[in-house]
Amino acid sequence: MTERRTDGLKRLGIAAWSLLGTILLLGLIGWVLLRFWIVVPPILLAIAIVYVLNPFVTALADRGFARWMGSCLSYLVLAGLLTALGFLVFPSIGEQAGDMARDFPMIYDDVVEELESLLGRVGLDANLPDYEQLTDDGGSGFLGNRFDRITDIAFGVLEILFLLLLAPVVAFYALLDLPRTHGYMMDLVPERHRSEMAHVGRQLGRAVGGFMRGQLLVALIVGTLTSFGLWLIDLPFWLLIGMISGFLNIVPLIGPWIGGALGVLVAIGTRDLQTALWAGLVAIIVQQVDNNFVSPAVLRATVRLHPSTIILGLVAGASLGGFWGILLAVPAMAVIKIIAGHLWRTRVLGQSWDEAADALIDANPTGELFLSRARRDGGGLEPPPEVSEGEPDGGPPPA
């Protein structure tokens, strides 16, 4: 009994120090990211490109192609798809965006008028600012000085150009040296922990890689379905609103509601209340199709996070990194859960590595809340590790 209690306290101490070290490491990484935030967006986009293209490059390498050749072919295919999409969709989106920019003052004033009328019917006296008041430069406006806005726009354009030029270059060289980089990283780990580190790395690679690839595909499908539904009800700017809704679908919980609200507001400002109801119905139907058919078919496993945790993570990500912080919040929380959960279950509960992975990753996510997804059938970033002789990949048996 005493020996078992001592063993339990030892495991608890190891877990506590491991968790503390992980928190300190993540804090250090966060401090460095905040200090050098200018390079974070290109690195994030480069990581996303690597996760999307690495399965194809690895598959070509397994068939005898050099990694540089597979990387070039993957880039050519991706560039061809983006070019074809640009010729098919971008002209219509640009035209609708121009029309929306021209009609936005009228749409805004109509929405404000409808909202004031609706609030007046329920006994609330609202005096919302019209478009002229919103853009007033006399010191009482809501948008501030135009010079500041022009400066912000200029810096935004430069940041986008920097992102588009640097990220693909970084991703290309990362694809070329990925196996070598993996070997260097494993050499930094003590030999007795390499198998466990490789196991956890595979779980992280599948979770983050599956999340990125799956979310992009789901966003494309949701955007297409939303655009088609809004076209059926003859809503102006249907393609632009549908693509925005699909893009916002990348952000869990909050994004789909914002995309649906945008269609409803445009319907109120350009059509009538009946069309707004139809636009809201389209958004609800598309989300139900996504939750019950699209996501379960595309995303094979999940790392489940509580909705309240997601909302708090999104708020924290927005406060720390703005838009990029929102995009990074969910995969970052999934990474923390996998690492912390693995340490707790293996060090404190005495479970094997596979038991810990099965407890953290749901292999049958149908009907569940999709937050961070992983493909258990492979496709992660890390190549299969070399397991040391005499130690199975599943880790030590439970105590």
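The structure we're discussing is the one just above.
The notes below deal with the structure included here. (Residues numbered from 1 in each chain as written. Predicted model: local features only at pLDDT ≥ 70, side-chain atom pairs only at ≥ 80, totals over all residues. Heavy atoms only, no water.)

### Some words on the overall build of the chain
Here is step 1: The helix and strand inventory of the chain stands at twelve helices and three strands.
Here is step 2: The buried share of the chain, reckoned over its 399 residues, is 36%.
Here is step 3: Partitioning the contacts of the chain with sequence separation of at least 6, the portion at a separation of at least 24 is 73%.
Here is step 4: Total accessible area computed for the chain in this model is approximately 23500 Å², and 68% of it derives from carbon and sulfur atoms. (Helix = DSSP H or I, 4+ residues; strand = E, 2+ residues; numbered from the N terminus. Buried < 20%, exposed > 50% of the residue type's maximum accessible area, 1.4 Å probe, protein only. Contact = heavy atoms within 4.5 Å. Areas by Shrake-Rupley, 256 points an atom, 1.4 Å probe, with all protein chains shown as cover.)

### Things to note about the environment of Gln-203
Here is step 1: Relative to the helices and strands, Gln-203 resides in helix α7 (residues 194-232).
Here is step 2: What makes Gln-203 buried here is its relative accessible area of 9%.

### Here's the deal with helix α12 (residues 353-360)
Here is step 1: All of the buried residues in α12 are Trp-353, Ala-356, Ala-357 and Leu-360. Across the axial projection of α12, the buried residues extend over an arc of 100°, all falling on one side. (Arc of directions from axis to C-beta.)

### Observations regarding the pattern of salt bridges
Here is step 1: On inspection of all chains with the given rule, the structure shows four salt bridges.
Here is step 2: A salt bridge links Arg-102 to Asp-99, with the nearest nitrogen and oxygen atoms 3.0 Å apart. Residue Arg-102 and its partner Asp-99 are located together in helix α3 (residues 67-121), separated by three residues, close to a single helical turn.
Here is step 3: In this structure, Asp-103 engages Arg-102 in a salt bridge whose closest nitrogen and oxygen atoms are separated by 3.2 Å.
Here is step 4: Among the ionic contacts, a cluster of salt bridges with common partners joins Asp-99, Arg-102 and Asp-103. (Salt bridge = Lys/Arg side-chain N within 4 Å of Asp/Glu carboxyl O.)

### Here's the deal with the packing of aromatic side chains
Here is step 1: Throughout the structure, instances matching the rule amount to four aromatic pairs.
Here is step 2: With a centroid separation of 5.5 Å and 90° between ring planes, the pair formed by Tyr-75 and Phe-172 is classed as edge-to-face. In this pair, Tyr-75 sits in helix α3 while Phe-172 sits in helix α5 (residues 146-176), placing the two residues 97 residues apart along the sequence.
Here is step 3: Here the aromatic cluster, defined as three or more aromatic residues joined through ring pairs, consists of Tyr-75, Phe-172 and Tyr-173. (Phe/Tyr/Trp six-rings, centres within 6.5 Å; stacked < 30°, edge-to-face > 60°.)

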